[in-house]
Amino acid sequence: MSKLKGWKELTPGGIITEAGNAREYKTGDWRTERPQVNKEKCINCLFCWAYCPDASVIVDADKGVMVGFDYDHCKGCGICASTCPAKAIDMIPER
(Lines give C-alpha, C1' and ligand atoms only; values in the text may rest on other atoms or scores of the structure.)
Protein backbone atom coordinates (compact mmCIF):
# COMPACT_ATOMS: atom_id res chain seq x y z
CA MET A 1 0.00 0.00 0.00
CA SER A 2 1.45 3.38 -1.01
CA LYS A 3 1.71 6.35 1.27
CA LEU A 4 -0.49 9.32 0.36
CA LYS A 5 1.35 12.53 -0.49
CA GLY A 6 0.77 15.74 1.41
CA TRP A 7 -0.35 18.85 -0.47
CA LYS A 8 3.18 20.29 -0.46
CA GLU A 9 4.52 17.23 -2.28
CA LEU A 10 2.00 17.31 -5.12
CA THR A 11 2.96 18.78 -8.48
CA PRO A 12 0.69 21.50 -9.82
CA GLY A 13 -2.06 20.10 -12.03
CA GLY A 14 -3.32 21.40 -15.30
CA ILE A 15 -1.75 23.82 -17.71
CA ILE A 16 -2.92 27.05 -16.12
CA THR A 17 -0.20 27.58 -13.53
CA GLU A 18 0.49 31.30 -13.89
CA ALA A 19 -1.90 34.10 -13.02
CA GLY A 20 -3.33 35.67 -16.16
CA ASN A 21 -2.54 32.91 -18.67
CA ALA A 22 -5.98 31.25 -18.75
CA ARG A 23 -7.00 33.23 -21.86
CA GLU A 24 -4.31 31.42 -23.83
CA TYR A 25 -6.19 28.12 -23.48
CA LYS A 26 -9.53 27.29 -25.07
CA THR A 27 -11.48 25.59 -22.31
CA GLY A 28 -14.97 25.34 -23.80
CA ASP A 29 -14.39 22.11 -25.71
CA TRP A 30 -16.30 19.84 -23.33
CA ARG A 31 -19.52 21.85 -23.55
CA THR A 32 -22.66 19.83 -24.41
CA GLU A 33 -24.97 22.85 -24.68
CA ARG A 34 -24.33 26.42 -25.76
CA PRO A 35 -26.19 29.61 -24.87
CA GLN A 36 -27.97 31.44 -27.66
CA VAL A 37 -29.43 34.92 -27.14
CA ASN A 38 -32.67 36.15 -28.65
CA LYS A 39 -31.84 39.83 -29.29
CA GLU A 40 -35.53 40.77 -29.58
CA LYS A 41 -36.17 39.59 -26.02
CA CYS A 42 -32.89 40.83 -24.50
CA ILE A 43 -33.33 43.88 -22.23
CA ASN A 44 -29.55 44.39 -21.76
CA CYS A 45 -29.73 44.07 -17.99
CA LEU A 46 -26.31 42.34 -18.17
CA PHE A 47 -27.20 39.81 -15.47
CA CYS A 48 -25.70 37.18 -17.80
CA TRP A 49 -22.41 39.07 -17.82
CA ALA A 50 -22.39 39.60 -14.05
CA TYR A 51 -23.10 35.96 -13.18
CA CYS A 52 -21.02 34.15 -15.83
CA PRO A 53 -18.26 32.28 -13.97
CA ASP A 54 -16.06 32.15 -17.09
CA ALA A 55 -16.37 35.77 -18.28
CA SER A 56 -17.77 34.37 -21.54
CA VAL A 57 -20.44 37.01 -22.13
CA ILE A 58 -19.24 39.66 -24.56
CA VAL A 59 -20.43 43.20 -23.87
CA ASP A 60 -19.95 46.34 -25.95
CA ALA A 61 -18.74 48.62 -23.17
CA ASP A 62 -19.42 51.82 -25.12
CA LYS A 63 -23.06 50.93 -25.74
CA GLY A 64 -23.64 48.87 -22.58
CA VAL A 65 -25.18 45.99 -24.51
CA MET A 66 -24.61 42.26 -24.64
CA VAL A 67 -23.31 41.29 -28.09
CA GLY A 68 -22.68 37.55 -27.80
CA PHE A 69 -20.68 34.77 -26.19
CA ASP A 70 -17.05 33.71 -26.16
CA TYR A 71 -17.55 30.05 -27.07
CA ASP A 72 -13.83 29.32 -26.76
CA HIS A 73 -14.20 29.66 -22.98
CA CYS A 74 -17.93 29.05 -22.32
CA LYS A 75 -18.48 25.73 -20.51
CA GLY A 76 -22.23 25.63 -21.20
CA CYS A 77 -23.19 25.73 -17.53
CA GLY A 78 -26.44 27.63 -18.23
CA ILE A 79 -26.08 30.18 -15.44
CA CYS A 80 -26.59 32.98 -17.97
CA ALA A 81 -29.89 31.46 -19.10
CA SER A 82 -31.12 30.77 -15.58
CA THR A 83 -30.40 34.31 -14.35
CA CYS A 84 -31.90 36.10 -17.37
CA PRO A 85 -35.10 37.84 -16.20
CA ALA A 86 -36.32 38.27 -19.79
CA LYS A 87 -35.76 34.57 -20.66
CA ALA A 88 -33.79 35.77 -23.68
CA ILE A 89 -31.11 33.06 -23.49
CA ASP A 90 -31.79 29.48 -24.54
CA MET A 91 -29.44 26.56 -24.05
CA ILE A 92 -29.23 24.60 -27.30
CA PRO A 93 -27.45 21.28 -27.92
CA GLU A 94 -23.88 21.55 -29.10
CA ARG A 95 -23.33 20.27 -32.62
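The structure displayed is predicted, hence computed values, not measured ones.

Colleague: Could you give me a rundown of the nonpolar core, with the residues and numbers involved?
Modeller: Within the largest apolar cluster, 11 residues are counted, these being Leu-46, Cys-48, Cys-52, Val-57, Met-66, Phe-69, Cys-80, Ala-81, Cys-84, Ala-88 and Ile-89. Every element with two or more residues in this core is listed here: strand S3 (65-69) and helix H2 (79-83). What Val-57 contacts, discounting residues up to four positions off in sequence, is Cys-48, Trp-49, Cys-52, Met-66, Gly-68 and Phe-69.

Colleague: I'd like to hear about the packing of aromatic side chains, residue by residue, with values.
Modeller: Per the counting criterion, the structure on display carries 2 aromatic pairs. Geometrically, the ring pair formed by Phe-47 and Tyr-51 is edge-to-face, given 6.3 Å between the ring centres and 70° between the ring planes. You can see Phe-47 and its partner Tyr-51 sitting in helix H1 (residues 47-51), 4 residues apart, about one turn around the helix. In this structure Phe-47 comes out as partly exposed when scored by relative accessible area, which is 39%. Residue placement shows Arg-34 over the ring face of Tyr-71; its charged tip is 4.2 Å from the ring centre.

Calculation rules
- Residues numbered from 1 in each chain as written.
- Predicted model: local features only at pLDDT ≥ 70, side-chain atom pairs only at ≥ 80, totals over all residues.
- Heavy atoms only, no water.
- Core = buried A, V, L, I, M, F, W, Y, C linked by side-chain atoms within 4.5 Å.
- Buried < 20%, exposed > 50% of the residue type's maximum accessible area, 1.4 Å probe, protein only.
- Helix = DSSP H or I, 4+ residues; strand = E, 2+ residues; numbered from the N terminus.
- Contact = heavy atoms within 4.5 Å.
- Phe/Tyr/Trp six-rings, centres within 6.5 Å; stacked < 30°, edge-to-face > 60°.
- Lys NZ or Arg CZ within 6 Å of the ring centre and 35° of its normal.

Limitation: the analysis is restricted to geometry and does not speak to function.
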